[in-house]
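# Structural overview for review
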Amino acid sequence: MRKYNIIILTDRDSWIVPYVVVLQKKLTKMGHNVHIEENFPSGSNFDMCFMLSYSRIVSREILARNKHNLVVHESALPQGKGWSPMTWQILEGKNIVPITLFEAAESVDAGQIYMQRKMVFAGNELVEDLRSCQGNTTVDMCLEFVNNYPEILSQARPQKGQESFYARRTPEDSRLDISQSIKEQFNLLRVVDNKKYPAWFEYLGKKYRLEIYEE
């Protein structure tokens, strides 16, 4: 089996970092040379560059340094491009969320697709459970690409259909409506992060924070 030089770009404070470490360990055990970085090393080039929960714009020059630049995105591309696609789909009431591994391009989420899977939820998972499924599925898809490379390149297909975009989420998106029931807003409670962007509401001129945990 051929050994590859691989870099994984991810934000240092991202929830996905523990899963990225797992991916690195598994690939290293297979004999590959794997680096985890927040910034692309100057003058370097790699066989594969995985960009996982990476919020920075990658320049054309950096993309050109690598044989493959790969992204995992939680939607059925070209639908659901943009920010926090799984969160938005949970808020839409979906319990089956597609996840796509594709080649990065200069345009946002526009490259050719190598594989798509589905994450299936019961409808009662909170954010940690949702992230666990997303993180583990991401690791599995990246391993599948490496293990089946270069044959997997023959599966590449262009994105087809009407594209759509999700906006970047802000603290305002975690605001509860006190005129609605908990049941009506449960999907919002499922996707809030108790530390980084907790649920909140205003009442009689004061702001209140609400945290949710599974008993």
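Everything that follows concerns the structure shown earlier in this document.
The structure contained in this document is the topic of the report that follows. (Residues numbered from 1 in each chain as written. Predicted model: local features only at pLDDT ≥ 70, side-chain atom pairs only at ≥ 80, totals over all residues. Heavy atoms only, no water.)

We now examine the sheet that holds strand β1 (residues 5-9). Here 6 strands make up an open sheet; going across it, the order is β2-β1-β3-β4-β6-β7 and the pairing mixed. The open sheet has two edge strands with one neighbour each: β2 (33-37) and β7 (113-120). Neighbour-to-neighbour, the strand axes of this sheet turn through a mean angle of 20 degrees, independent of strand direction. Pairing of β1 with β2, which is carried by 5 bridges, proceeds in the parallel orientation. (Pairing = 2+ DSSP bridges. Helix = DSSP H or I, 4+ residues; strand = E, 2+ residues; numbered from the N terminus. Axes fitted to C-alpha atoms, helices over the stretch in contact; angles between N-to-C directions.)

Another aspect to go through is the packing of aromatic side chains. With the rule as written, the count across this model stands at 8 aromatic pairs. Between Trp-15 and Tyr-19 the ring centres are 5.9 Å apart and the planes differ by 70 degrees, which places this aromatic pair in the edge-to-face class. On the numbers, 5.4 Å between centres and 25 degrees between planes, the contact of Phe-201 with Tyr-208 is stacked. Through a chain of ring-to-ring contacts, the aromatic side chains of Tyr-4, Phe-50, Tyr-114, Phe-145 and Tyr-149 assemble into a single cluster. Over the aromatic face of Trp-83 sits the side chain of Arg-168, whose NZ or CZ is 3.7 Å from the ring centroid. The ring of Trp-88 has Arg-169 sitting right over it, with the charged end atom 4.7 Å from the ring centre. (Phe/Tyr/Trp six-rings, centres within 6.5 Å; stacked < 30°, edge-to-face > 60°. Lys NZ or Arg CZ within 6 Å of the ring centre and 35° of its normal.)

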